[in-house]
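Spelled out from the first residue to the last, the chains are:
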Amino acid sequence: MKRSRYQVAYAILILLVLILIVVNICAGSVEIPFEEVWKIWNGKGADPVFADIVIQIRFPRALAAAILGGGLALSGYLLQTFFHNPIAGPFILGISSGAKLAVALVMVAALGKAVQVSSLAMIGAAFLGAMISMGFVLLMSRVMEQMSMLIVGGVMIGYICTAITDFVVTFAEDADIVNLHNWSKGSFSGISWENVWVMSAVVFLASFGVFLMSKPISAYQLGESYARNMGLNIRLFRGLLVLLSSILSACVTAFAGPVSFVGIAVPHLVKSLFGTAKPIWMIPGCFLGGAAFCLLCDLLARVMFAPTELSISTVTAIFGAPVVLLVMIRRKRERSQA
C-alpha cells in the first residue's frame, strides 16, 4: 500500500516537472505555440525566431530552474536533518547570504578589471562564503542551546552579509549595477548552456552523494546515540552533511542569487505527499519537488506582470512562507498536546 503511494507521488512529481518545463518554454512575453516547440524538437520547419528564443533563452533557463531548485530543496533537507529543526534552511541560517557576499565580491572585483569570471570560479567563491557562514552558525550552535536562538542568530548573519553585499554593489560600474542588482535579488535569467552543464555536473554529483548517505541519515534521524551504536562515525557524517549542503546551496547562489524558502518549504510538502520521512524516498522526492516548485515560481515571476519580471525570491517567499508558518503552528500544537 505504501509502495503504491510512493509510486503515485513520484509519478505526480515527474509529470509536474515535465509539464512545467514545457509551459515555461511556451509562455512568456512572446507566446510560442506548442506546435512550434515540437517542430524545434524534431528539427523540422521551425520558425528561426522561435527556435532562437527556445534554444538560447527559455530551455536553458527552465533546466536551470529545475536543477537548482532540486539542489536547493536537498540542501534544506540536509540542514533540517543536521540541526534536527524543521525550519532550518540555507536562506534562514544565512548560508545563502554568505555565498552571495563572496560571489558579489568576486564579481565586482572582476568587473572592475574587465575580467570574465568562469562558472567554476563563481561556484568556488560561493562555496567559500557558504562555508564561512556555516562556520559561524556551527560556532553559535555550541553557545546557544535553544534552536530558536540559533535560527535568530542565522537570520542576523544573513542580514549582515546582505548589508555588506548591498554596500559592495554600490561600487560596481554603472553599466553592471543592474545585472548585479537583479542577481542579488534572485533570478534565473541570463543562464547559458555552459552554466547549465557546469551546474548539472556539480548538483547531480552532490545529489548522488546525498542519496548514498540515505541509510546513515535514516539512522541519524533516530538520534545520535542510536546512530553511534549502529557504527556511524558521527563527526565524519556531520561534516559530510555540512559539505554537501554547502556545495548545493553555493551552486544555486552562484548562478541564481539567493532564493528564499525553497529549502525549508519543499521538504515538508514532499513529506506530506509521500507520508513518510524515510531518506531513501525523501531524497529523490525533495529533488523533484524543488524542481517543480522553482519551475512554477519562475513561470509566475516571468508572466504575472510581463514584460516586467519579478525576482524569484519574491514569488518563492509568497508560497514558501505560509508553509513555514503552518509547520511552526503544527509543532506548537504537538508540544502542547504532549
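Our subject is the structure that appears above.
Residues numbered from 1 in each chain as written. Predicted model: local features only at pLDDT ≥ 70, side-chain atom pairs only at ≥ 80, totals over all residues. Heavy atoms only, no water.

1. Section: the overall build of the protein
On a plain count of helices and strands, the protein comes out with 14 helices and 0 strands. Going residue by residue from the N terminus, the α and β elements of the protein occur as α-α-α-α-α-α-α-α-α-α-α-α-α-α. Split into buried and exposed, the 338 residues of the protein put 51% on the buried side. Taking all contacts inside the protein whose residues are at least 6 apart in sequence as the whole, residues at least 24 apart take part in 78%. (Helix = DSSP H or I, 4+ residues; strand = E, 2+ residues; numbered from the N terminus. Buried < 20%, exposed > 50% of the residue type's maximum accessible area, 1.4 Å probe, protein only. Contact = heavy atoms within 4.5 Å.)

2. With respect to the pattern of salt bridges
Applying the stated criterion to the full structure yields 4 salt bridges. With a closest N to O distance of 3.8 Å, glutamate 36 and lysine 39 form a salt bridge. Separated by 3 residues within a single helix, glutamate 36 and lysine 39 lie in helix H2 (residues 34-42), roughly one turn from each other. (Salt bridge = Lys/Arg side-chain N within 4 Å of Asp/Glu carboxyl O.)

3. Some thoughts on a nonpolar patch on the surface
A cluster of nonpolar residues, Val22, Phe34, Trp38 and Trp41, forms a patch on the protein surface that exposes about 480 Å² of accessible area. Residue placement: tryptophan 38 occurs in helix H2. In this structure tryptophan 38 comes out as partly exposed when scored by relative accessible area, which is 48%. (Patch = residues over 30% accessible without salt bridge, like charges linked within 9 Å, V, L, I, M, F, W, Y side chains within 5 Å. Areas by Shrake-Rupley, 256 points an atom, 1.4 Å probe, with all protein chains shown as cover.)

4. Describing the nonpolar core
Counting residues in hydrophobic clusters, the biggest one holds 103 residues, and the most contacted among them are Leu68 and Phe255. Counting residues per element, this core draws most heavily on helix H3 (residues 48-83), which supplies 18 residues. The residues touching leucine 68, leaving out its near neighbours within four places in the chain, are Phe188, Met199, Val203, Cys251, Val252, Phe255 and Ala256. (Core = buried A, V, L, I, M, F, W, Y, C linked by side-chain atoms within 4.5 Å.)

5. Brief notes about the packing of H3 against helix H11 (residues 234-256)
Packed helices, taken two at a time, are described by the angle between their axes plus the distance between the axes. Relative to each other, H3 and H11 sit at 150°, their axes nearing to 9 Å. As judged from the angle between their axes, H3 and H11 are roughly antiparallel. As for the relative orientation of H3 and H11, their crossing is left-handed in sense. Of the residues in H11, those in contact with Leu68, Gly71, Leu72, Leu74, Ser75, Leu78, Leu79, Thr81 and Phe82 of H3 are Arg238, Leu241, Val242, Leu244, Ser245, Leu248, Ser249, Cys251, Val252, Phe255 and Ala256. When grouped by side-chain class, the residues that make up the contact of H3 with H11 number 14 nonpolar, 5 polar and 1 charged. (Axes fitted to C-alpha atoms, helices over the stretch in contact; angles between N-to-C directions. Parallel < 35°, antiparallel > 145°, perpendicular 65-115°, else oblique. Left-handed = near helix turned anticlockwise from the far one by under 90°. Nonpolar A, V, L, I, M, F, W, Y, C, P; charged D, E, K, R; others polar.)

6. Focus on the packing of aromatic side chains
Enumeration according to the criterion identifies 9 aromatic pairs in this entry. Members of the aromatic cluster, each reached through a chain of ring pairs, are Tyr6, Tyr10, Phe274 and Trp281. Over the ring of phenylalanine 82 we find arginine 238, and its NZ or CZ is 4.2 Å from the ring centre. (Phe/Tyr/Trp six-rings, centres within 6.5 Å; stacked < 30°, edge-to-face > 60°. Lys NZ or Arg CZ within 6 Å of the ring centre and 35° of its normal.)

7. Some details on the packing of helix H9 (residues 214-221) against H11
It is the contact of H9 with H11, at a shortest axis distance of 12 Å, that shows an interaxial angle of 110°. Considering the angle they form, H9 stands roughly perpendicular to H11. You can see that H9 and H11 cross each other, and the crossing is left-handed. Where H9 approaches H11, its residues Pro216, Ile217 and Tyr220 are matched on the opposing element by Ile234, Phe237, Arg238 and Leu241. Looking at the contact of H9 with H11 residue by residue, the classes come out as 6 nonpolar, no polar and 1 charged.

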